[in-house]
Amino acid sequence: MTDSCLIMNQSESVNNNTQAHGEKLLKGFLSDLDDLNHGGFSGDNDMISALFRIVVNILKLIGHLLSASRTRKISAKAEVELLVKRGNSPPEGDFRMNISGAQLTSHWDTAAGNTYHGFTTAALLSYKGLDESLNCCFDHLETPQKQTYKINSKVVTATFINTETTNLNKPIKLTFSHLKKKNEKHMCVFWDPELDGGAWSTLGCSTVSSRADQTVCSCNKLGSFAVLTVLCDTGVCRPTLNFCQLDRKP
């Protein structure tokens, strides 16, 4: 985590340097993110929330430094797509970002927000394997008796240059491909860092549609998201281990 913080500080220091190269910063950031994700997080809620916060801040810093209007990079543990739109007036219309396992659709006015500085940026990043570390922290979801959950998508982070990250004027649409095709109930969730250091929540997100291979979500906020499979909704349940509870100190 320290390395990523250093990258963010370095990015701030070169923000006004005309020789700063956005792609070089992006490559360095992804390399450090790979190192952070290599060992997993073992249900450390606070560490996960800090990771998501740093990812958002760094992507916002890097976005406007990129020369291309659309940049896509893949590393060992992450995949990211960044868009940047420049002009004398705020951009209009819809836009779409695609990465392996997820797609985001939104509007440029939502990405820009109320303050325009001559450019607007948007980013969508997915984590490889983070679903295994975060396959927990469901305590704040409404859980009927004998019902449990399991992440069935990649975990993604979505961020815009817009400083308003909650109560967006137009909701974003996220389409997730399922890790395993299941004809079961699915639900869209958002990582809320305010819940016991970090936990999954449905607040601000709704499930628009779902089928065996994908789920479409509508969310009025930015941050980190995933899709859960609802297990044992009816019938006899098999036990599911909650790793967050095991790792949480009394």
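Everything below is about the structure shown above.
Here is what the cut-offs are and how they apply
Throughout, a residue's number is its position along its own chain's written sequence, starting from 1. Confidence filtering applies because this is a predicted model: local features only for residues at pLDDT of at least 70, side-chain atom pairs given and counted only at 80 or more, and all residues used for totals across whole chains, interfaces and linings. Each side-chain value is worked out from all heavy atoms of the structure, with water and hydrogens disregarded. Helix numbers and strand numbers start at the N terminus; a helix is a DSSP run of H or I with at least 4 residues, a strand a run of E with at least 2. Each residue gets one of three labels from its accessible area relative to the maximum for its type: buried under 20%, exposed over 50%, partly exposed in between, using a 1.4 Å probe on protein chains only. Charge assignment: positive for Lys and Arg, negative for Asp and Glu; neither His nor the chain ends contribute. The working definition used for a salt bridge is a side-chain nitrogen of Lys or Arg within 4 Å of a carboxyl oxygen of Asp or Glu. Contacts are assigned to residue pairs with any non-hydrogen atoms lying within 4.5 Å of each other. Two strands are counted as paired when DSSP detects at least two bridges linking them. Angles here are taken between N-to-C directions and fall from 0 to 180 degrees, while the axes themselves are lines fitted to C-alpha atoms, restricted in helices to the stretch in contact. How far a helix is expected to stretch is found by multiplying one less than its residue total by 1.5 Å. Put simply, two rings from Phe, Tyr or Trp (the six-membered ring, in Trp's case) pair if the centres are within 6.5 Å, and we call them stacked under 30 degrees between planes, edge-to-face over 60, tilted for the rest.

Structural notes on the side chain of Lys154
Structurally, Lys154 can be placed in the loop between strand S6 (148-151) and strand S7 (155-160). Buried charge without a partner: Lys154 forms no salt bridge, and the closest opposite charge is Glu79, 4.8 Å away. Lys154 has contacts with Ser100, Ser126, Tyr127, Lys128, Phe176, Leu179, Phe225 and Ala226, leaving out every residue within four places of it along the chain.

Considerations on the environment of Leu228
Along the chain, Leu228 turns up in strand S13 (residues 223-231). The exposure class assigned to Leu228 is buried, which follows from its relative accessible area of 0%. Residues Leu228 and Tyr149, spaced 79 residues apart in sequence, show a C-alpha to C-alpha distance of 6.1 Å. Setting aside residues no more than four positions away along its own chain, Leu228 makes contact with Phe138, Leu141, Tyr149, Lys150, Ile151, Asn152, Lys185, His186, Met187 and Val189.

Quick word on the pattern of salt bridges
A full pass over the atoms with the stated rule returns 6 salt bridges. Glu23 is the partner of Lys73 in a salt bridge, and the nearest nitrogen-oxygen pair spans 3.4 Å. Of this pair, Lys73 sits in strand S1 (residues 70-74) while Glu23 sits in helix H2 (residues 22-38), and the two are 50 residues apart along the sequence.

Considering the sheet that holds strand S3 (residues 94-99)
Spatial strand order, S3-S4-S8-S12-S11: 5 strands in an open sheet with antiparallel pairing. For this open sheet the edge positions go to S3 and strand S11 (205-210), each flanked by a neighbour on one side alone. Neighbouring strand axes in the sheet, compared pairwise and without regard to direction, differ in orientation by 20° on average. Alignment of S3 against strand S4 (residues 102-107), held across 6 bridges, turns out to be antiparallel. Bridge pairing links Ile99 to Ala102 in S4.

Here's the deal with helix H3 (residues 45-63)
Look at H3: 27 Å from first C-alpha to last across 19 residues, which is about the 27 Å you get at 1.5 Å a residue. Most of H3 sits out of view: 15 of its 19 residues are buried.

Side note on H2
One turn of the α-helix equals 3.6 residues, which is why residues spaced by three or four share an orientation. Compared with the 24 Å implied by 1.5 Å per residue over 17 residues, the 24 Å span of H2 between its first and last C-alpha is a close match. Among the residues of H2, Gly22, Leu25, Leu26, Phe29, Leu30, Asp32, Leu33, Asp34, Leu36 and Asn37 are the ones counted as buried.

Overview of the pairing of S6
With burial as the criterion, only one face of S6 is covered, namely that bearing Tyr149 and Ile151; the residues Thr148 and Lys150 on the opposite face remain uncovered. Two strands pair when backbone bridges link them, and S6 and S13 are joined in this way by 4 bridges, in the antiparallel orientation. Counterpart to Tyr149 in the pairing with S13 is Val230.

Observations concerning the environment of Val55
Examined against the element boundaries, Val55 turns out to sit in helix H3. What Val55 contacts, discounting residues up to four positions off in sequence, is Phe29, Leu33, Leu125, Tyr127 and Thr157.

Quick word on the packing of aromatic side chains
Applying the stated rule across the entire model yields 7 aromatic pairs. When the centroid spacing of 5.7 Å and the interplanar angle of 65° are considered together, the rings of Phe138 and Tyr149 count as edge-to-face. Separated by 11 residues along the polypeptide, Phe138 in the loop between helix H5 (130-133) and S6 and Tyr149 in strand S6 bring together distant segments of the chain. For the pair formed by Phe138 and Tyr149, the shared burial category is buried. Centre to centre, the rings of Phe190 and Phe225 are 5.6 Å apart; their planes meet at 50°, and the pair counts as tilted. Pair noted here: Phe190 is in strand S9 (residues 186-192) and Phe225 is in strand S13, with a separation of 35 residues, a long-range link. Taken as a pair, Phe190 and Phe225 share a single burial class, namely buried. Members of the aromatic cluster, each reached through a chain of ring pairs, are Phe52, Tyr127, Trp191 and Trp200.

Concerning unusual backbone geometry
Positive phi outside glycine occurs at Cys137, with the angle close to 60°. Topologically, Cys137 is positioned in the loop between H5 and S6. Looking at Cys137, the relative accessible area reads 2%, which means it is buried. Even without being glycine, Asp196 reaches a positive phi, approximately 50°. One can find Asp196 in the loop between S9 and strand S10 (199-201).

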